[in-house]
There are 2 protein chains.
Amino acid sequence: MSTELTLSIEMMGGDDAPDVVIEGLSRFSTNNADMRFLLHGDEAALTPLLEGATDLAAHCEVRHTDIAVSMDDKPSQALRRAKGSSMWNAIECVKNGEASAAFSAGNTGALMAMSMVLLRKMSGVHRPAMTAIWPTMTGTTVVLDVGANLEADAGQLVTYAVMGEAYARAVTGKEKPSVGLLNVGSEDSKGHGVLKEASTLLSTSDLDLNYRGFIEGNDISAGTVDVVVTDGFSGNIALKTAEGTARLVASYLREALTVGPRAKLGALMASKGLRQLRDKMNPSNVNGGVLLGLNGVVVKSHGGADAAGIETALKLAADLAASQYKEEVAAGLARIGDVVAIVDKPKASA
Amino acid sequence: MSTELTLSIEMMGGDDAPDVVIEGLSRFSTNNADMRFLLHGDEAALTPLLEGATDLAAHCEVRHTDIAVSMDDKPSQALRRAKGSSMWNAIECVKNGEASAAFSAGNTGALMAMSMVLLRKMSGVHRPAMTAIWPTMTGTTVVLDVGANLEADAGQLVTYAVMGEAYARAVTGKEKPSVGLLNVGSEDSKGHGVLKEASTLLSTSDLDLNYRGFIEGNDISAGTVDVVVTDGFSGNIALKTAEGTARLVASYLREALTVGPRAKLGALMASKGLRQLRDKMNPSNVNGGVLLGLNGVVVKSHGGADAAGIETALKLAADLAASQYKEEVAAGLARIGDVVAIVDKPKASA
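Residues numbered from 1 in each chain as written. Chains lettered and ligands numbered in written order. Predicted model: local features only at pLDDT ≥ 70, side-chain atom pairs only at ≥ 80, totals over all residues. Heavy atoms only, no water.

### Concerning a negative patch on the surface
- Taken together, Asp15, Asp16, Asp19, Glu23 and Asp306 of chain A make up a surface patch of like negative charges.
- Checked against the element boundaries, Asp19 of chain A lands in helix 1 (residues 19-31). (Patch = residues over 30% accessible without salt bridge, like charges linked within 9 Å, V, L, I, M, F, W, Y side chains within 5 Å. Areas by Shrake-Rupley, 256 points an atom, 1.4 Å probe, with all protein chains shown as cover. Salt bridge = Lys/Arg side-chain N within 4 Å of Asp/Glu carboxyl O. Lys, Arg positive; Asp, Glu negative; His and termini not counted. Charge placed at Lys NZ, Arg CZ, Asp CG, Glu CD. Helix = DSSP H or I, 4+ residues; strand = E, 2+ residues; numbered from the N terminus.)

### Overview of the relation of the copies chain A and chain B
- In screw terms, the move from chain A to chain B is a rotation of 180° and a rise of 0.0 Å along the axis, fitting with an RMSD of 0.1 Å. Taken together, the rotation and translation describe the operation of a two-fold axis. If distances are taken from each C-alpha of chain A to the rotation axis, the shortest is found for Gly266 of chain A, at 1.8 Å.
- A high fraction, 100%, of the interface residues of chain A reappear at the interface in chain B, so the copies pair face to face through one surface. (Least-squares fit on C-alpha atoms with pLDDT ≥ 70 in both. Contact = heavy atoms within 4.5 Å.)

### Some remarks on the packing of aromatic side chains
All names here are of chain A.
- Applying the stated criterion across every chain, the model contains two aromatic pairs over all chains.
- Aromatic pair Phe28 and Phe37: ring centres 6.1 Å apart, planes at 65°, arrangement edge-to-face.
- According to the relative accessible area criterion, Phe37 is buried, its value standing at 0%. (Phe/Tyr/Trp six-rings, centres within 6.5 Å; stacked < 30°, edge-to-face > 60°. Buried < 20%, exposed > 50% of the residue type's maximum accessible area, 1.4 Å probe, protein only.)

### Looking at the nonpolar core
- Grouped together as the largest cluster of nonpolar side chains are 102 residues, with contacts concentrated most on Leu7, Ile9 and Leu39 of chain A.
- With 10 residues, the single largest contributor to this core is helix 6 (residues 154-172) of chain A.
- In this structure, Leu7 of chain A is in contact with Phe28, Met35, Arg36, Phe37, Leu38, Ala99, Ala101, Leu314, Ala317 and Ala318 of chain A, ignoring residues within four places of it in sequence.
- Residues Leu5, Phe103, Leu118 and Ala154 of chain B belong to the second largest nonpolar core, which totals 101 residues. (Core = buried A, V, L, I, M, F, W, Y, C linked by side-chain atoms within 4.5 Å.)

### Considerations on the pattern of salt bridges
- The final tally for this structure, using the stated rule, is 26 salt bridges over all chains.
- Of the charged contacts, one joins Arg36 of chain B and Glu61 of chain B as a salt bridge, the two residues approaching to 3.1 Å between their closest N and O atoms. Taken together, the positions of Arg36 of chain B in strand 2 (residues 36-41) and Glu61 of chain B in strand 3 (residues 60-64) put the pair 25 residues apart, joining distant regions of the chain.
- Residue Arg36 of chain B is classed as partly exposed on the basis of its relative accessible area of 39%.
- Take Glu61 of chain B: its relative accessible area is 31%, and that puts it in the partly exposed class.
- A salt bridge links Arg63 of chain B to Glu98 of chain B; the nearest nitrogen and oxygen atoms lie 2.6 Å apart. Highlighted residues: Arg63 of chain B in strand 3 and Glu98 of chain B in the loop between helix 4 (86-95) and strand 4 (101-104), separated in sequence by 35 residues.
- Classification of Glu98 of chain B by relative accessible area gives partly exposed; the value is 35%.
- Within this structure, Glu165, Arg169, Lys176, Asp208 and Glu328 of chain A form a network of salt bridges that share partners.

### A word on the sheet that holds strand 4 (residues 101-104) of chain A
Residues and elements named next belong to chain A.
- Strands sit in the order 3-2-1-4-11-10-5-6-9-7-8 across an open sheet of 11 strands; the sheet is mixed. Whereas interior strands pair on both sides, the edge strands pair on one side only; in this sheet they are strand 3 (60-64) and strand 8 (210-215). Strand-to-strand twist of the sheet, defined as the mean angle between neighbouring strand axes without regard to direction, takes the value 25°.
- In the sheet, strand 5 (residues 129-135) pairs with strand 6 (residues 140-144) via five bridges, with the strands oriented antiparallel. (Pairing = 2+ DSSP bridges. Axes fitted to C-alpha atoms, helices over the stretch in contact; angles between N-to-C directions.)

### Comments concerning unusual backbone geometry
Residues and elements named next belong to chain A.
- Omega for the bond connecting Leu144 with Asp145 falls within 30 degrees of zero, at 0°, which places this linkage in the cis form.
- Inspection of the secondary structure puts Asp145 in the loop between strand 6 and helix 6.
- In this structure, Asp208 is a non-glycine residue whose phi angle is positive, near 60°.
- If you trace the backbone, Asp208 turns up in the loop between helix 7 (193-203) and strand 8.

### Examining the sheet that holds strand 6 (residues 139-144) of chain B
- Read from one edge of the open sheet, 11 strands run 3-2-1-4-11-10-5-6-9-7-8 (chain B), paired in mixed fashion. The strands lining the two open edges of the sheet, one partner per strand, are strand 3 and strand 8 (210-215) of chain B. Across the sheet, the mean angle separating the axes of adjacent strands is 25° when strand polarity is ignored.
- Sheet analysis places strand 6 of chain B next to strand 9 (residues 227-229) of chain B, joined by three bridges and oriented parallel. Bridge assignment links Leu144 of chain B to a residue of strand 9 of chain B, and that residue is Val229 of chain B.
- Relative to strand 5 (residues 129-136) of chain B, helix 9 (residues 232-256) of chain A is tilted by about 35°, and along the sheet it contacts strand 5 and strand 7 (178-182) of chain B.
- Of the strands in this sheet, strand 1 (6-10), strand 2, strand 3 and strand 4 of chain B touch helix 1 (residues 19-31) of chain B, which is tilted by about 175° from strand 2 of chain B.

### Some points on helix 6 of chain A
Residue and element names in this part refer to chain A.
- Helix length check: helix 6, at 19 residues, gives a terminal C-alpha distance of 26 Å against a target of 27 Å (1.5 Å per residue), a fit within 8%.
- Most of helix 6 is tucked away, with 16 of its 19 residues classed as buried.
- In this structure Asp153 caps helix 6, since a side-chain oxygen of it lies 3.2 Å from the backbone nitrogen of Gly155. (Expected span 1.5 Å × (residues − 1). Polar contact = N/O pair within 3.5 Å; in protein donor to acceptor, adjacent residues only side chain to side chain.)

### Things to note about the confidence of the model for chain A
- Predicted confidence across chain A gives a mean pLDDT of 90, with 95% of residues reaching 70 or more.
- In this model residues 343-350 of chain A is a low-confidence stretch, pLDDT under 50, and it forms 13 contacts with partners more than four residues away in sequence or in other chains. (pLDDT = per-residue confidence, 0-100.)

### Details of the environment of Val227 of chain B
Residues and elements named next belong to chain B.
- With respect to the secondary-structure elements, Val227 resides in strand 9.
- Classification of Val227 by relative accessible area gives buried; the value is 0%.
- A sequence separation of 67 residues divides Val227 from Tyr160, and the C-alpha atoms of the two residues are 9.7 Å apart.
- Aside from chain neighbours lying at most four places away, what touches Val227 is Thr141, Val142, Leu144, Gly164, Glu165, Ala168, Pro177, Ser178, Val179 and Gly180.

### Things to note about the interface of chain A and chain B
- Facing 54 residues of chain A, the contacting portion of chain B comprises 54 residues.
- Of the roughly 4,800 Å² buried between chain A and chain B on both sides combined, carbon and sulfur atoms contribute 71%.
- On the chain A side of the contact with chain B, Phe233, Tyr252 and Met269 of chain A bury the most area, a combined 14% of that side's loss.
- Linking chain A with chain B are four salt bridges, by the criterion used here.
- A salt bridge links Lys240 of chain B to Glu216 of chain A, with the nearest nitrogen and oxygen atoms 2.3 Å apart. (Buried area = accessible area lost by both parts, 1.4 Å probe.)

### A look at the state of the cysteines
- With the rule as written, the count across this model stands at zero disulfides over all chains.
- Not part of a disulfide, Cys60 of chain A finds its nearest cysteine sulfur in Cys93 of chain A, a span of 13 Å. (Disulfide = S-S within 2.5 Å.)

### Observations concerning the packing of helix 9 of chain A against helix 11 (residues 271-281) of chain B
- At their nearest, the axes of helix 9 of chain A and helix 11 of chain B sit 8 Å apart, and the two run at 155° to each other. With respect to helix 11 of chain B, the element helix 9 of chain A is oriented roughly antiparallel. Here helix 9 of chain A runs over helix 11 of chain B; the crossing is right-handed. Residues Val249, Tyr252, Leu253, Glu255 and Ala256 of chain A of helix 9 of chain A lie in contact with helix 11 of chain B, whose contacting residues are Gly273, Leu274, Leu277, Lys280 and Met281 of chain B. (Parallel < 35°, antiparallel > 145°, perpendicular 65-115°, else oblique. Left-handed = near helix turned anticlockwise from the far one by under 90°.)

### Some words on the pairing of strand 3 of chain B
- Of the pairings in the sheet, the one linking strand 2 of chain B to strand 3 of chain B comprises five bridges and is parallel in character. Bridged to Phe37 of chain B within strand 3 of chain B is Cys60 of chain B.

Okay, here's the thing in structure tokens:
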């Protein structure tokens, strides 16, 4: 971990904020004693929590605000009363250079909207994309976009690929992460025109990507590639469908291991392995989404994350802030400039 | 089960055909002694298999052909040499009334193409849709389209809903199956224009549907609704992503239960429950896709299905053939005629 890194933390968003955020921060700080944290939120609520957390207060500076964005606010509503809120202030510290990355477990739509307004898009990015880290047979895979934009044209998908590849390198340490494009079949002839066009662009050697072509839904969990590129609609459906399926299988398993006294005893004997299984399936291990393509790092935690999940997302924020991610994306975007310009005429829309 | 039903079986398609098809047919026939089967394929291969199967031959009539569609043929290739193939002949028997439903474990694209050519679309259907039966927390859910068409406009989604509802009633016996539209959020404001338009149409009381609005990916496995409507691209991604996730969790579980001698012993003690778990996760239980919207029933089995899976798909074919499915869809399409006409101008394409 790089030294002297400062993270800007939005304390009031999430199901169990601010208590669980302090708890996660405390865990993270214990293993990263050289970091500083700017805490944005209600001082009256935060101060006693900080005093109760061992060795944390010395690394923190509370920036008080009464204003907090509600979890139910629509992005447009949130934006109207954004200024001075804990979320706004947290992101603003990244903009003005006081912090290297921002964190929030609050309202996703509001966070994306404020991040766009405050940090602006990187030059060459038409639409930022939201990432998810996905557990697989071989480790983890980065999937993007999981819901920032419903649709994506070929040029946008290529931009997602370049950003996702640099992001995967920053968070997994792999030298040359492999990239796949999500489709309904792996043959070149499959899928609609936008996908075929994007695939042709991604195959050009000028981009210098480790591009593996089309992949299918089952390839995500199989870990066939390190980065799965898709539009935000399909990505969101895939992510939530996987969550639902994992929950279903877990409920089948609970049933199987409580079906009678022998099963219960067996589960007790196998408890070590089953604990490992539960750890592997714990969403806390892969918590943290990043809106890629902005001039600054903002990490979104799941609103229902526990302290371990908050810690994971904070680690992601720190890793990304300390990495060469932004420089690599900028270089990648410069490389694709000519390639993408062919198909992605700049539009009037933001 | 209705009496005197005849099923038309394509014997040569699938990974282990014709052996496994005979095996599945034999299991099915044992429990449905009043049914007749027309077997399409290579007589020299089929006759000895039939002689080896107890009590099956008497219910079967072999229709010989040398021609079989390869699993790798593209639909266009398959169509060119389709006539006289086991697949073509199997479907033709439904067309000319000799059989009530056709079955195949062969090439999906070829089966869809031949079914469209031979059986034609029902009046009011612009695009047929492929179904999948999905295991859920509460039983099973029908998902369509899982890949017949990559895109769907609002009128097509409404047609899928009407066909899917009638299909769910036929295969689950529920009086008034609930219907949901797959989206990235459950709020009315979510999703792109086509989905909002379809949702508005589905909400009109004229359609007489038990429509529950938008659902998300995790709602599929949760069993929130009985019928999940989506375009073929998203449906295919959801289905394959769920398969991949189930496979991942199963591999985690295998690892957890073999991590050491205590875990192995525990697994042995819990074997009854774990066997139930394996049964629940066995894809054979939900085998069988149907291309809805044609003048005739054609059931597609997974190419890698075992005998139990073939039996499940044959039961689906028989249930559907014996049901009022076709009449109900026709009535539903008539009801929606006016509603859909507003948005779904008939196109020149097939």
